[in-house]
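Geometric and topological summary
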Amino acid sequence: MTHILEVDRVGKRFGGLQALTNITFNLEEGEILGLIGPNGAGKTTLFNTINGVYSPEEGTILFRGKNVVGHKPYEMAKMGMSRTHQIVRPLKDLTVRENIMAGACFGHENHNLLAAGRIADEMMGFAGIKAKPDQLAGSLNVAQKKRLEMARALAAHPKLLLLDEVLAGLTPSEIDGMIKTILDIRKQGVTIIMIEHVMKAIMNVSDHLLVLDYGQKIAEGQPEEVVHNERVVEAYLGDPNMARRLMEEA
Amino acid sequence: MNPGGILTSLMDGLLIGVVYGIAAMGLTLIWGVMRVINLAHGAIISLGMFGVYLIFTNFGIHPYLALLLVALAGLLFGMLIYYITIARVINAPYLSTLLATFAINMIFIGLGTAVFTTTPRDAGFSLGNVSLGPVTLQGTRLVAALVTLLVTGGLYFFLYRTRPGKFVRAVANNRAAAELMGIPSARILALSFGIGTMLAAIAGGLIATFFSFNILSGDIYQQKSFIIGVLGGLGNPVGALLGGLILGALEGLLPLVMPNTWVPVIEFVLFIVILLVRPSGLLGGKSE
Amino acid sequence: MNKIASFHPGLWLALAVVAAIGIWPIPAQDAALREVSFTVLIAIVMATSLNVLMGYTGYVSFGHVVFYGLGGYVGMYLLNDYHAPLPLAILAGGAAAGLLAFLLGKAILKLRGAYFALVTIGVNEAMRTFISNFEPFGASTGIALQFSVYGAYGGAKQALWVVYYTIVGLALFGVLASYLIRHSKFGLGLMTIREDEDAAEVMGIVTPNTKTLAFVASAILPGMVGVLFFFKNGNVEPGDAFRLGVSIETLVMIMLGGQGTVMGPILGALGYQRLRGFLLTSPIFKNAQLVVAGILLLLIVLFIPAGAVGWLRQRFAWLRKVLA
Ligand SMILES: Nc1ncnc2c1ncn2[C@@H]1O[C@H](COP(=O)(O)OP(=O)(O)OP(=O)(O)O)[C@@H](O)[C@H]1O
Ligand SMILES: [Mg+2]
């Protein structure tokens, strides 16, 4: 097996705040890595650092064998990395179809409009978007916006997909549907890192878990081991809400 | 050029610079509090000029007393403008506030041109000259600079020592948080716009005591306000005063080494370069 | 949308409106009507080209007139000092404007929102004050065309018609280009940037290049039109070439008609110029022309920020096909 992503001793600071410290992990092609941790642990920041939104002060990141530190987000996209945002960012005044087409046009496969249109039609079904193709994206509800966000990321046919809390705010049945979609994506050979607070879901879906707390990696391994790890429980105890969920759901 | 002449040019520049500074302060205060670039600023400056001029020439009221009236009118007028127009677009994309303030500018300039025409006016007011060693300064400019410093001090006292002033700073810092704390943000925004307008009117009124002007003159000072605002950091009122001094010094000294007509070229190139390299301003602390 | 052979009602309607405005004075060879159409067509070119940057890309520029002014100057310089043929002068004007946009774009398009708007004001003023000092372009007096230059076009009277036909062609071309851009992959990239520039980068859009290209695309036609206008005018001077008010009027036209649409800037330009013409000639409003325009602008901004076409498109979904 080859490593699609190698993160080595990465550190990221915001002024006085050390948001990430010495983060190291490898990701094998085709696996699903679950990224968990209390609020403010640095999960989204890690995504932003991996996909070039931020440049880390320390460490190296190899994506598909190439050091990508200092790369712009669009360079990462062209290399085959797609992501969703924790707070969805639909292109509000464009149609649902145009949103997805934009993903296909500018991602690493660089499709023309015609091909992008075909991909968009396909992705709408795959991602379970119920809206009409020519509806404006701004008019969708949250669950549909999340699916749109995912369809747009997938339309690029990425090698690595970063999913930031795509289950948050969904109803249990919507969660089940979304999980099915995620597993389908993996079946197509896409490697996935997903940030999630919904424990049950992430336990079921992930091959590995990585736990962040205060910008540090505090645990990594099989889901079963990790959730019973002492440091992890402790970290979540700082957040009673999460601790309760961890206990209930695990 | 003899040193006395250089010093006089520099002093003249600095004295007018602080007056530019107060106009810029109004602009930058409004930007800082509500992220609105007020394109009606120049029109207000013109109205301030006419205010002092008309009160002085028609009623013989002393220009500095007239200035007091103009300042008060500016405050109320600004609040009125805020409630009628800006309040409706304060949360819209920034183009809306730009165009709304520009529309107000058009209306004022249009009315002003219709009523006052564009013939130059001169208040014909003088306080004589003051000589300090080799430097000779116009009394009106000296007083204008003093008034500016007083007003700046007053603004600082208001912002840092009074309750509404603290509210203004809170709203500038984070409007949503300020609202959560129970600060009546709508009224504070109106007040801030009023103060910004008042500062523009005062600047105009002061300029009218020593320069001739017409209804279009405010535009030049609006542009200088932009340059100063960017020099000092948009949203930073002290910066505006320092920026005004810098611009004033440049305007005093540059003509000694180059033709007068090149001075604005330098100024605008400086403006562009600072915006590009340090949008927070030369004196502004935090960068974008 | 992608089938080349399919019917594009939005495009045909837009072209038809522009063609109608253009052809109107031709059969009667009416010089007065021609002047009216000329003004409207220039406005259409200015608004349509600015719309590429403002409506499609979301960057509000107060410096659009810079391209018009620079193009005008370059063209007039070539016409007057080198007796260049008019078509060459027009192309040179467009090229100069495009080059300026290219050089500026990379630098200033880094700024977003109001900061970009501000820097474009600075660019306009820097350009105006610089040209006022630039001796080859006649410094503050500008360039006045020798009358003999018109001789090559059958005298001044005939030259006016030549200019007019050219502007009709450029306006049609501009509208066609605007439509093609909007319905291209490039256009989709621009609109993605407009909606969310950070998301656009994450999706793989090379934003600095894409924005610069949009800026260049929006600059070329104004540069060409500037040559025509000042050639017809007979002279060019800094105050006319770089009048901030022209940029803002162009913004107003786009707002009036509806930004981001192909039809909006056309109708906005037509509406604005006709209104202005009416106000200027009306005995009651002549002095209050600016006031009325200001009130109108304020009302649009406060009550129909999407503009006429935008409003119609929001109201009546079926119109979206026709009003592209
Ligand atoms: N652009 C930024 N500038 C300054 N601080 C930031 C920035 N982005 C994130 N932070 C800070 O970095 C820390 C980590 O934030 P991050 O968003 O990565 O957390 P998270 O693990 O994704 O949390 P959540 O579960 O709430 O989404 C927080 O303290 C946050 O305030
Ligand atoms: Mg997060």
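As a starting point, this report considers the structure included with it.

Conventions adopted
- Residues numbered from 1 in each chain as written.
- Chains lettered and ligands numbered in written order.
- Predicted model: local features only at pLDDT ≥ 70, side-chain atom pairs only at ≥ 80, totals over all residues.
- Heavy atoms only, no water.
- Helix = DSSP H or I, 4+ residues; strand = E, 2+ residues; numbered from the N terminus.
- Rg over C-alpha atoms; globule rule 2.2 N^0.38 Å.
- Buried < 20%, exposed > 50% of the residue type's maximum accessible area, 1.4 Å probe, protein only.
- Contact = heavy atoms within 4.5 Å.
- Areas by Shrake-Rupley, 256 points an atom, 1.4 Å probe, with all protein chains shown as cover.
- Donors = N, O, S within 2.8 Å, 3.2 Å for Na, K, Ca; no water.
- Pairing = 2+ DSSP bridges.
- Axes fitted to C-alpha atoms, helices over the stretch in contact; angles between N-to-C directions.
- Parallel < 35°, antiparallel > 145°, perpendicular 65-115°, else oblique.
- Left-handed = near helix turned anticlockwise from the far one by under 90°.
- Nonpolar A, V, L, I, M, F, W, Y, C, P; charged D, E, K, R; others polar.
- Salt bridge = Lys/Arg side-chain N within 4 Å of Asp/Glu carboxyl O.
- Near = heavy atom within 4 Å.
- Polar contact = N/O pair within 3.5 Å; in protein donor to acceptor, adjacent residues only side chain to side chain.
- Buried area = accessible area lost by both parts, 1.4 Å probe.

**Digging into the overall build of chain C**
- Summing up its helical and strand segments, chain C has 14 helices and two strands in all.
- Relative to its length of 324 residues, chain C is compact, with a C-alpha radius of gyration of 19 Å against a globular reference of 20 Å.
- A principal-axis box enclosing the C-alpha atoms of chain C has dimensions of 55 × 45 × 45 Å.
- Put simply, chain C has 324 residues, and 59% of those count as buried.
- Put simply, 77% of the contacts in chain C that link residues at least 6 apart link residues at least 24 apart.
- Surface summary for chain C: the accessible area is close to 12100 Å², and the carbon and sulfur share equals 69%.

**What to know about the coordination of the magnesium ion (ligand 2)**
Residues and elements named next belong to chain A.
- In this structure, Thr 44 (OG1) and Gln 86 (OE1) serve as the protein donors to the magnesium ion (ligand 2), at separations of 1.9 to 2.1 Å. Placement of Thr 44 in helix α1 (residues 43–50) and of Gln 86 in the loop between β6 (81–83) and α3 (96–106) is noted, with a sequence separation of 42 residues between them.
- Overall, the relative accessible area of 33% leaves Gln 86 in the partly exposed class.

**Examining the pairing of strand β1 (residues 129–132) of chain B**
All names here are of chain B.
- Where β1 meets strand β2 (residues 135–138), four bridges bridge the pair, whose relative direction is antiparallel. Within β2, the residue paired with Asn 129 across the bridge is Gln 138.
- Joining the antiparallel neighbours β1 and β2 is a turn of two residues, in which Gly 133 adopts a positive phi near 60°.

**Observations concerning the sheet that holds β6 of chain A**
All names here are of chain A.
- The six strands are arranged β6-β7-β8-β3-β9-β10 in an open sheet whose pairing can be described as mixed. Bordering the open sheet on either side are β6 and β10 (216–221), each of which pairs with just one other strand. In this sheet, neighbouring strand axes are inclined to one another by 15° on average, regardless of whether the strands run parallel or antiparallel.
- With four bridges joining them, strand β3 (residues 32–36) and strand β9 (residues 208–213) adopt parallel strand pairing. Bridging across to β9, Ile 36 finds its partner in Val 211.
- Relative to the sheet, helix α6 (residues 172–187) contacts β3, β7 (160–164) and β8 (191–195), its axis offset from that of β8 by approximately 150°.

**Notes on the packing of helix α3 (residues 63–89) of chain B against helix α8 (residues 185–208) of chain B**
Residues and elements named next belong to chain B.
- Between α3 and α8, the least distance of the axes is 7 Å, while the angle of their chain directions is 140°. The orientation of α3 relative to α8 falls into the category oblique. In this structure, the crossing between α3 and α8 has a hand that is right-handed.
- Classifying every residue of the contact of α3 with α8 by side-chain character gives 20 nonpolar, five polar and one charged.

**Concerning the pattern of salt bridges**
- Under the definition given, this model contains 21 salt bridges over all chains.
- One salt bridge in this structure joins Arg 9 of chain A and Asp 8 of chain A, with 3.1 Å as the shortest N-O distance.
- The class of Arg 9 of chain A is exposed, set by a relative accessible area of 51%.
- Salt-bridge contacts for Glu 251 of chain B lead to Lys 224 of chain B; the nearest nitrogen and oxygen are separated by 2.7 Å. Placement of the pair is Glu 251 of chain B in helix α10 (residues 237–257) and Lys 224 of chain B in helix α9 (residues 218–232), with a sequence separation of 27 residues. The same class applies to Glu 251 of chain B and to Lys 224 of chain B, which are both buried.
- One continuous salt-bridge network, built from bridges that share partners, spans Arg 89 of chain A together with Arg 112, Asp 196, Glu 197, Asp 198 and Lys 211 of chain C.

**Quick word on the site of ligand 1**
Residues and elements named next belong to chain A.
- By nearness alone, 14 residues border ligand 1, and Gly 40, Lys 43, Thr 44, Thr 45 and Gln 86 come closest of all.
- Within the backbone of Ala 41, an N or O atom sits 3.1 Å from an oxygen atom of ligand 1.
- Across the complex, the protein chains shield 64% of the 640 Å² of accessible surface that ligand 1 would expose by itself.
- Contributions of two or more residues to the shell around ligand 1 are made by β2 (17–28) and α1.
- The greatest single-element share of the shell around ligand 1, amounting to three residues, is contributed by α1.
- When grouped by side-chain class, the residues that make up the shell around ligand 1 number five nonpolar, seven polar and two charged.

**Some words on the interface of chain B and chain C**
- In this complex, chain B contributes 37 residues to the contact, which on the side of chain C involves 37 residues.
- Of the roughly 3400 Å² buried between chain B and chain C on both sides combined, carbon and sulfur atoms contribute 83%.
- It is Tyr 94, Leu 99 and Met 106 of chain B in chain B that bury the most area against chain C; as a group they hold 18% of the surface buried on that side.
- Counting the contacts that link chain B with chain C gives zero salt bridges.
- Viewed at the interface, chain C and chain B are joined by one residue pair in polar contact (both at pLDDT 80 or more).
- Looking at the side of chain B that touches chain C, the elements with two or more residues in it are α3, α4 (94–116), α9 and α11 (263–277) of chain B.
- The element contributing the most residues to the side of chain B that touches chain C is α4 of chain B, with 14 residues.
- Looking at the side of chain B that touches chain C residue by residue, the class counts come to 29 nonpolar, five polar and three charged.

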